[in-house]
Amino acid sequence: ISNFAFIPNELNHEITNKKPSMYFPVYRKENKNFDKALESHFIPHHQESGIWSDNYELFIRQRTELFLGEIDKLIN
């Protein structure tokens, strides 16, 4: 679940075989609502996020923590 995101097919084809560190900075520059969009998908985007260093394991841990934090908020 932590590596799943609903994205348009055309975007999926655009980013296929590219590292996040290559396309995330471009999208951030082009989209003034980039950070809010990532937040709405529980994608960590702070400076230490695994997306900037292509660290998949770190990204999965960070995103799982975001999911678990939201679940905890909802059930408590």
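Remember, predicted model here, so these are calculated numbers, not experimental data.

Quick notes on the rules
Residues numbered from 1 in each chain as written. Predicted model: local features only at pLDDT ≥ 70, side-chain atom pairs only at ≥ 80, totals over all residues. Heavy atoms only, no water. Buried < 20%, exposed > 50% of the residue type's maximum accessible area, 1.4 Å probe, protein only. Helix = DSSP H or I, 4+ residues; strand = E, 2+ residues; numbered from the N terminus. Arc of directions from axis to C-beta. Contact = heavy atoms within 4.5 Å. 1 Å grid on protein atoms, 1.4 Å probe; cavity = no way out; pocket = protein on both sides within 12 Å on 5 of 7 lines; lining within 4 Å. Points joined across faces, edges and corners; volume = space filled by probe spheres on them. Nonpolar A, V, L, I, M, F, W, Y, C, P; charged D, E, K, R; others polar. Core = buried A, V, L, I, M, F, W, Y, C linked by side-chain atoms within 4.5 Å. Salt bridge = Lys/Arg side-chain N within 4 Å of Asp/Glu carboxyl O. Expected span 1.5 Å × (residues − 1).

A. Local environment of helix α2 (residues 20-30). Of all the residues in α2, the buried ones are Tyr 23, Phe 24 and Tyr 27. The buried side chains of α2 occupy one side of the element, clustering within an arc of 105° when seen end-on. Turned more than 90 degrees from where α2 packs its buried face, Met 22 and Lys 29 sit exposed. Those residues of α2 that are buried lie in contact with α1 (9-15), α3 (34-40) and α4 (50-53).

B. How the structure looks around the side chain of Gln 62. Summarising the element assignment, Gln 62 is placed in helix α5 (residues 56-75). Gln 62 gets classed as buried once you look at its relative accessible area, which sits at 11%. Residues in contact with Gln 62, not counting those within four places in the same chain, are Pro 44, His 46, Glu 48, Ser 49 and Gly 50.

C. Seen up close, the layout of surface pockets. Considering only enclosed or pocket space, the largest pocket measures out at about 730 Å³ in volume. For the largest pocket, the lining is made up of 29 residues, of which Ile 7, Ile 15, Tyr 23, Phe 24 and Ile 43 are closest to its centre. At the level of elements, α1, α2, α3, α4 and α5 are the ones that each hand at least two residues to the lining of the largest pocket. Among the residues forming the lining of the largest pocket, the class breakdown is 16 nonpolar, 8 polar and 5 charged.

D. The nonpolar core, seen in detail. One finds Ile 15, Tyr 23, Phe 24, Tyr 27, Phe 34, Leu 38, Ile 43, Ile 51, Phe 59 and Ile 60 forming the largest nonpolar core, which totals 10 residues. Within the residue set of this core, elements represented by two or more residues are α2, α3 and α5. Once residues lying within four places of it in the same chain are set aside, the contact partners of Tyr 27 are Leu 11, Glu 14, Ile 15 and Phe 34.

E. Up close: the pattern of salt bridges. Tallied over the entire structure, the rule returns 2 salt bridges. A salt bridge links Asp 35 to Arg 28; the shortest N-O distance between them is 2.7 Å. By relative accessible area, which is 30% here, Asp 35 ends up partly exposed. One salt bridge in this structure joins Lys 73 and Glu 70, with 3.2 Å as the shortest N-O distance. Here the residue Lys 73 and the residue Glu 70 both occupy positions in helix α5, the gap between them amounting to 3 residues, near one helical turn.

F. Just α5, in detail. Compared with the 28 Å implied by 1.5 Å per residue over 20 residues, the 28 Å span of α5 between its first and last C-alpha is a close match. What α5 keeps buried is the set Phe 59, Ile 60, Gln 62, Arg 63 and Phe 67. Buried residues belonging to α5 abut α4.

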